[in-house]
Amino acid sequence: MLFDTHAHLNAEQFGEDLEEVLNRAKEAGVSNIVVVGFDRPTIEKTMELINQYDNIYGCIGWHPVDAIDMTDNDLRWIEELSQHQKIVALGEMGLDYYWDKSPKDIQQEVFRKQIQLAKKVKLPIVIHNREATEDVVKILKEENASDVGGIMHCFSGSIEIAKECMDMNFYISFGGPVTFKNARKPKEVAKEIPLDKILIETDCPYLTPHPYRGKRNEPAYVKLVAQQIAELKEMTLEEIAEITHNNAKKLFNIM
Ligand SMILES: [Zn+2]
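None of these values were measured; they are calculated from a predicted model.

A closer look at the packing of aromatic side chains
Stage number 1. Inspection of every chain in the model, using the stated rule, returns 3 aromatic pairs.
Stage number 2. Above the face of the Tyr57 ring, Lys86 is positioned so that its terminal group lies 5.3 Å from the ring centre.
Stage number 3. Over the aromatic face of Tyr97 sits the side chain of Lys104, whose NZ or CZ is 4.5 Å from the ring centroid.

Right, here's the structure in full:
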């Protein structure tokens, strides 16, 4: 059974055909999905989905690109919602220096506040990092994020950075990019990561794996990511599915 640890089924791209998307996921062997909400509308939609579907869990937080919009009220709201037993992590949070909507200092402050909240409510965190690796690692260290641990979502860094993160109690999650033909580095890194630290995800509707690159992504395609990891590890799809499924259940504390 496959576990898609990062899906945006709350996105408008799934507004028309969510039932069909979920049926295809089931047919592909995807038994659990974590839906990630990262602003007011997507958090609200996440809460609806986790109440509606047994096999959908939620992860809620504030995206770094929109850090400038987050108020103290939003943070309190996230804290309240995190008491729901199907909210299994906080995020995605982190730093994104590619887009310049939110200044770096505000992103960092919002990131730190969310790590502190995660420690308070005792939930793991899901990290978004784009062109900000050095500061992300520094803040995780300074805030003792290892107390809660979590996931480096759609990891694209070096093996050295992966090791630093694993030492802080983080899992390394791979998505569509590891399947891209020219993705030599992510493939090398995936090959090196110990089996007990690997997770798989789609990040759908974005980052669609090969051979569907360019189309809308969906949870069924997490199977393609698992297949790629299996190939790199010289193992079977079933073995990788079981290992990553168990890793996810352990991290999210799902029985
Ligand atoms: Zn995401």
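What follows picks up the thread again.
Considering unusual backbone geometry
Comment: phi is negative for the bulk of residues other than glycine, and the bulk of peptide bonds are trans.
Stage number 1. The omega torsion across Cys204 and Pro205 is 10°, close enough to zero to call that bond cis.
Stage number 2. Relative to the helices and strands, Pro205 is located in the loop between strand 8 (198-200) and helix 8 (222-233).
Stage number 3. At Cys154, a residue that is not glycine, the phi angle is positive and equals roughly 45°.
Stage number 4. Locating Cys154 in the fold gives a position in the loop between strand 6 (150-152) and helix 6 (159-167).

A few points about the pairing of strand 1 (residues 2-7)
Stage number 1. The buried fraction of strand 1 amounts to 6 of the 6 residues, a majority that puts the element mostly inside the structure.
Stage number 2. Two elements, strand 1 and strand 2 (residues 30-37), share 4 bridges in a ladder whose sense is parallel. Bridged to Ala7 within strand 2 is Val35.
Stage number 3. Read from strand 1 through helix 1 (residues 18-27) to strand 2, the crossover connection turns out right-handed.

Thoughts on the layout of surface pockets
Stage number 1. Counted as a void, the largest pocket has a volume near 700 Å³.
Stage number 2. In terms of lining residues, the largest pocket is bounded by 26 residues, among which His128, Arg130, His153, Asp203 and Leu207 are the most central.
Stage number 3. It is strand 5 (residues 125-130) that contributes the most residues to the lining of the largest pocket, 3 residues altogether.
Stage number 4. Of the voids in this model, the second largest pocket is the one considered here, and its volume is about 260 Å³.
Stage number 5. For the lining of the second largest pocket, the elements supplying multiple residues, two or more each, are strand 4 (87-96) and helix 9 (237-252).
Stage number 6. Of all the elements, helix 9 adds the most residues to the lining of the second largest pocket, at 3 residues.

Topic: the sheet that holds strand 5
Stage number 1. If you walk across this open sheet you meet the 8 strands as 1-2-3-4-5-6-7-8, and the pairing is parallel. Where the open sheet ends on each side, the last strands, each with one partner, are strand 1 and strand 8. Mean inter-strand twist for the sheet, computed between neighbouring axes without regard to direction, equals 30°.
Stage number 2. Contacting strand 4, strand 5, strand 6 and strand 7 (170-174), helix 5 (residues 133-142) runs over the sheet at an angle of about 155° to strand 5.
Stage number 3. Seen against the sheet, helix 9 touches strand 1, strand 2, strand 4, strand 6, strand 7 and strand 8 and runs at an angle of roughly 55° to strand 1.

Overview of the coordination of the zinc ion
Stage number 1. The coordination sphere of the zinc ion, as far as protein atoms go, consists of His6 (NE2), His8 (NE2), Glu92 (OE) and Asp203 (OD), spread over 2.1 to 2.4 Å.
Stage number 2. The site at the zinc ion holds 4 donor atoms, and with the angles between them running 83 to 176°, its shape is irregular.
Stage number 3. The sequence pattern formed by the donor residues of the zinc ion is H-x1-H-x83-E-x110-D. Here Glu92 is found in strand 4, whereas its partner Asp203 is found in the loop between strand 8 and helix 8, with 111 residues between them in sequence.
Stage number 4. The buried category is assigned to Glu92, whose relative accessible area is 2%.
Stage number 5. In this structure Asp203 comes out as buried when scored by relative accessible area, which is 8%.

Here's the deal with helix 7 (residues 184-192)
Stage number 1. Of all the positions in helix 7, only Pro186, Lys187, Val189 and Ala190 are classed as buried. Down the axis of helix 7, the buried side of the element spans an arc of 165°, and every buried residue falls inside it. In helix 7, the exposed residues that point more than 90 degrees away from the buried face are Arg184 and Glu192.

Reading the values: rules and limits
- Residues numbered from 1 in each chain as written.
- Predicted model: local features only at pLDDT ≥ 70, side-chain atom pairs only at ≥ 80, totals over all residues.
- Heavy atoms only, no water.
- Phe/Tyr/Trp six-rings, centres within 6.5 Å; stacked < 30°, edge-to-face > 60°.
- Lys NZ or Arg CZ within 6 Å of the ring centre and 35° of its normal.
- Helix = DSSP H or I, 4+ residues; strand = E, 2+ residues; numbered from the N terminus.
- Buried < 20%, exposed > 50% of the residue type's maximum accessible area, 1.4 Å probe, protein only.
- Pairing = 2+ DSSP bridges.
- Right-handed = clockwise from strand over helix to strand, strands pointing away.
- 1 Å grid on protein atoms, 1.4 Å probe; cavity = no way out; pocket = protein on both sides within 12 Å on 5 of 7 lines; lining within 4 Å.
- Points joined across faces, edges and corners; volume = space filled by probe spheres on them.
- Axes fitted to C-alpha atoms, helices over the stretch in contact; angles between N-to-C directions.
- Contact = heavy atoms within 4.5 Å.
- Donors = N, O, S within 2.8 Å, 3.2 Å for Na, K, Ca; no water.
- Tetrahedral: all angles 85-135°; square planar, octahedral: opposite > 155°, others 65-115°.
- Arc of directions from axis to C-beta.

Keep in mind these numbers describe shape, not what the thing actually does.
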